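Descriptive analysis of the structure
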Amino acid sequence: MLGGSPVTEPVRYSVEDGIALIAVDNPPVNALSQAVRAGLDAAIARFAEDGEARIAVIYGVGRTFIAGADIREFGKPMAEPFLPDVINRIEASEKPVVAALHGTALGGGLEVALGCHYRVILASGRVGLPEVTLGILPGAGGTQRLPRLSGAEAALDLITSGRQVGAQEADWLNIVDYVAEGEDARAAGLEFARRLLVEECRARRTGEIDPGTKDAELFTSWRETVSRRARGQLSPVVAIDAIEAAYDLPLADGLVRERSLFTELMGSDQRAGLIHAFFAERAVAKIPEAGTATPRDLARIGIIGGGTMGSGIAVAALAGGLTVTLIERDADSAERARSLVEKLLNDGVRRGKMSEARRDALLADAFAAVTDYEALASADLVIEAVFEDMAVKKEVFARLDAVCRPGAILATNTSYLDVDEIAASTSRPADVIGFHFFSPAHVMRLLEVVVGDKTSADVVVTGFALAKKLKKIAVRAGVCDGFIGNRLLNAYRKAADYMVEDGASPYEIDAALVAFGFPMGPFAVSDLAGLDIAWAGRKRRAATRDPRERVVGVADRLCERGWFGQKTGRGYYLYEEGARRGKPDPEVEAIIAAERTEKGIVPRSFDSEEILRRYMAAMINEAAKIVEEGIALRPLDVDVTMLSGYGFPRWRGGPMHYADKVGLDTILADLRSFAEEDPYFWTPARLLVDLAERGGTFADLNKSA
Ligand code: 3HC
Ligand code: NAI
């Protein structure tokens, strides 16, 4: 019998052959809600009293062992019993307790297991302490017990990165005692418990293990590395203090220290930002089409164009289990595309993400680079990634329309162009959609699913299903110049260019944004992406540009000299032979000075606070317009786009979450004062004015949408 008599609803207690079975059943991921904590506590108390039971097994019902604390309870007052106390009582049990792990034993779930006396895991199981990714640290003994089992170095690695490890690695790291075959954690737990009974094993407490002497140098070097990598995020750095306490203090005091650091982080804005990001990434899948349509089958896909994007998309698709036929213009280009794909797969092998055998099998059986469109006759989906030119795209779609079977989805990876116009050039606009991948496409997690006027609902949900297969996050966007992400990028890039013309240097602006938490500033990003792409866009828009728009010529001057960024060794920065990091370039500063003189601008200085205020105000204002126009469904869709596609610091939660935190009235006041210099660019969005004037927030719109 699964279950037995309920102690509380989500935790059940039963006894089989002298073994107490404690089943945690709190779908979907057995999170440690108050009811689960109370249930576990009651079950352990009952086990202590139960003369029939000599050993206990805790396991999870459904797809996983406990996946951690209930994140929905964060930010609210915690209700008793508290998890550390429950775990201490499990550890204190006189009779042995076994944790039987499967699925993902994460955070508080792994901490429950570390408090148990023995741990068995199914070979498919994974464990981890991902708390730092939520802005906190393991707060139920993880920082004290893990180092006692795995040693300091492994604990520092796992806790500061939050990375999950598979069963085998968990075994090597001494986190588990046994890796069991099969699919049934309950059965594996029972079998292991029977063995322990035969061997007369006793309760064995992790907390009683001597962690050994502290290696102070190890902690110093981890602090340095982690602080550098964290880019302003506190939790990974604070977690090191907690782990160190395992070496400096006895267990009970170490647990108190851990709890106090945990509570401090729990109250931080960073925690709120990271939890917002966690739920927003899941909420983006809640789109109007979900539940109204079934995704179309996806097995064979075609890709047109095997350049930067096409080759990356091919690799992402191959890794996701799809068969890929790539079409290029001629045999040489097809061969080049094939080598690009092979190179990316080889990189994957080198980084340990894929075996050589799998790479060889994918290249031999699942990938072809050819020139004949007829090869796409049976494709389920074709993604076009040719040059960013409407005429070329239309020609490609006309050919696809002729060769693809009815029901095949025709997608474009365009960065800016009008998806409706492309759709209208086919006889099947309902099957046409934008799938906007980001570079490098096999790495970046964002996929903007750009829904045209005529795109059918099942094509939209297929886009979301594709993202899932490719382990990407899909965000639904409407059609406009640049969709969500690139439209925002255009706006904040202009704000940066205006500051440069008015007196800031590109290097000051980049430094201010790196200090904010971006991995790179906007000018370094332009150098990386290639200045020629934006130059082509500016030329395309020049004819239709509103005469009121302020235009900065600096980037054009660089492009006219052939300085396209990293690939040419020069852009805003100077790149010495092979260097990926550039140096400030006095010649660029001279070009900027000349532009200012020509326009009669007397340069003034900008401090990093003003740089940030202007950059963020431009971003938030454009984002408000995007939400107001329905291009993004909700503010959270903008946040996820910026977090997963544009390097916005995750711990700040995204621009809309950040705007709420700063206060919409403050943002509005900034916009109104900047609008006095340039009303065309800075006039506040109506949505922003409405919200600020009635004391609302973007978060309200997330809830009501
Ligand atoms: N608390 C509350 N809800 C949770 C949750 C949690 N810990 N973990 C997942 N959920 C919810 C999700 O929001 C989602 O809800 P929805 O269907 O309404 O959108 C649902 O469970 C399913 O989640 P996923 O869509 O993410 O399912 P997957 O199968 O893709 O992934 C998972 C499962 C790997 C468990 C993933 O959900 C995950 O990583 N969860 C977070 C795990 C975590 O961070 N645990 C640590 C918590 S902090 C902690 O334990 C503190 C302790 O030290 C005191
Ligand atoms: P690219 O220049 O690297 O590759 C384009 C490829 O298309 C070339 O290999 C070319 O030979 C091929 N091609 C051109 N016409 C063709 C045709 N008629 N049939 C078959 N193949 C043809 O360009 P990139 O950067 O890969 O961009 C492709 C598309 O993706 C563009 O629309 C671009 O806006 C978009 N995009 C680019 C991003 C980037 O960061 N590079 C990011 C997201 C989207």
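Numbering of residues starts from 1 in each chain and follows the order in which that chain's sequence is written. Chain A is the first chain written and ligand 1 is the first ligand written, with later ones labelled in order. Thresholds applied to this predicted model are a pLDDT of at least 70 for local features of residues and 80 or more for the giving and counting of side-chain atom pairs; totals over whole chains, interfaces and linings are not thresholded and use all residues.

Remarks on the site of ligand 2
Our working rule: Each residue receives a C-beta atom placed from its backbone. It is near a molecule or strand if this atom lies within 6 Å of it. Only runs of H or I of at least four residues qualify as helices and only runs of E of at least two qualify as strands under DSSP, and these elements are numbered from the N terminus. When residues are grouped by polarity, Ala, Val, Leu, Ile, Met, Phe, Trp, Tyr, Cys and Pro land in nonpolar, Asp, Glu, Lys and Arg in charged, and all others, Gly among them, in polar.
Around ligand 2, the structure places 24 residues, and the nearest of them are G305, G307, M309, S415 and S439. Within the residue set of the shell around ligand 2, elements represented by two or more residues are α12 (308–319) and α15 (390–403). For the shell around ligand 2, the leading source of residues is α12, giving three residues. Counted by class, the shell around ligand 2 contains eleven nonpolar, ten polar and three charged residues.

Re the UniProt feature "domain: 3-hydroxyacyl-CoA dehydrogenase NAD binding" (unreviewed entry) in the protein chain
As a reminder, the rule being used: UniProt positions are given in the numbering used here, feature names are shortened, and annotations may be inferred rather than shown by experiment.
With numbering aligned to this structure, UniProt lists the feature "domain: 3-hydroxyacyl-CoA dehydrogenase NAD binding" (unreviewed entry) at residues 301–477. Structurally, residues 301–477 is divided into 43% helix and 21% strand, and its ends, taken at the C-alpha atoms, are 22 Å apart.

Structural notes on the sheet that holds strand β8 (residues 126–128)
Rules: Pairs of strands are assigned from DSSP output, requiring at least two bridges between the strands.
The three strands are arranged β6-β8-β9 in an open sheet whose pairing can be described as mixed. Single-partner strands in this sheet number two, and they are β6 (104–106) and β9 (165–166). Pairing geometry for β6 and β8, over three bridges, is parallel. Considered in β8, the bridge of A105 is made with V127.

With respect to the packing of helix α24 (residues 608–628) against helix α26 (residues 655–662)
In a pair of packed helices, the angle between the axes and the distance between the axes together describe the arrangement. The test is simple: Structural elements are reduced to axes, namely lines fitted to C-alpha atoms, with helices fitted over the stretch in contact, and the angle between N-to-C directions of any two is expressed from 0 to 180 degrees. Should an angle fall under 35 degrees it is called roughly parallel, over 145 degrees roughly antiparallel, and 65 to 115 degrees roughly perpendicular, with every other angle called oblique. Handedness of a helix crossing follows the sense of rotation of the near helix relative to the far helix, less than a right angle counterclockwise being left-handed and clockwise being right-handed. Note on contacts: residues are paired as contacts if their backbone-placed C-beta atoms lie within 7 Å.
Contact pair α24 / α26: the axes reach a minimum separation of 10 Å and the direction vectors enclose 110°. By the criterion of interaxial angle, the relationship of α24 to α26 is roughly perpendicular. Our pair here, α24 against α26, has a crossing hand that is left-handed. On α26, the residues that touch M616, M619, I620 and A623 of α24 are P655, M656, Y658 and A659. When its residues are assigned to classes, the contact of α24 with α26 shows eight nonpolar, no polar and no charged.

Looking at the site of ligand 1
Near ligand 1 there are 23 residues, and of these A67, G68, A69, G107 and G108 occur at the shortest range. Looking at the shell around ligand 1, the elements with two or more residues in it are β6 and α3 (108–115). Its residues placed into classes, the shell around ligand 1 shows twelve nonpolar, six polar and five charged.

Some remarks on the environment of Y680
Secondary-structure assignment places Y680 in helix α28 (residues 679–682). As a C-alpha pair, Y680 and R548 span 132 residues in sequence and 6.5 Å in three-dimensional space. Setting aside residues no more than four positions away along its own chain, Y680 makes contact with R548 and E549.

Quick look at the pairing of strand β17 (residues 446–451)
Taken residue by residue, a regular strand's side chains alternate between the two faces of the sheet. For clarity, the cut-off: Neighbour counting defines burial: a residue surrounded by 20 or more other C-beta atoms within 10 Å of its own C-beta is buried, one with 12 or fewer is exposed, and intermediate counts give partly exposed, using backbone-placed C-beta atoms.
Where burial is concerned, most of β17 is hidden: six out of the six residues are buried. Neither face of β17 is open: one carries L446, E448 and V450, the other L447, V449 and V451, and all of them are buried. Alignment of strand β16 (residues 432–437) against β17, held across four bridges, turns out to be antiparallel. Counted as the bridge partner of H436 is E448 from β17.

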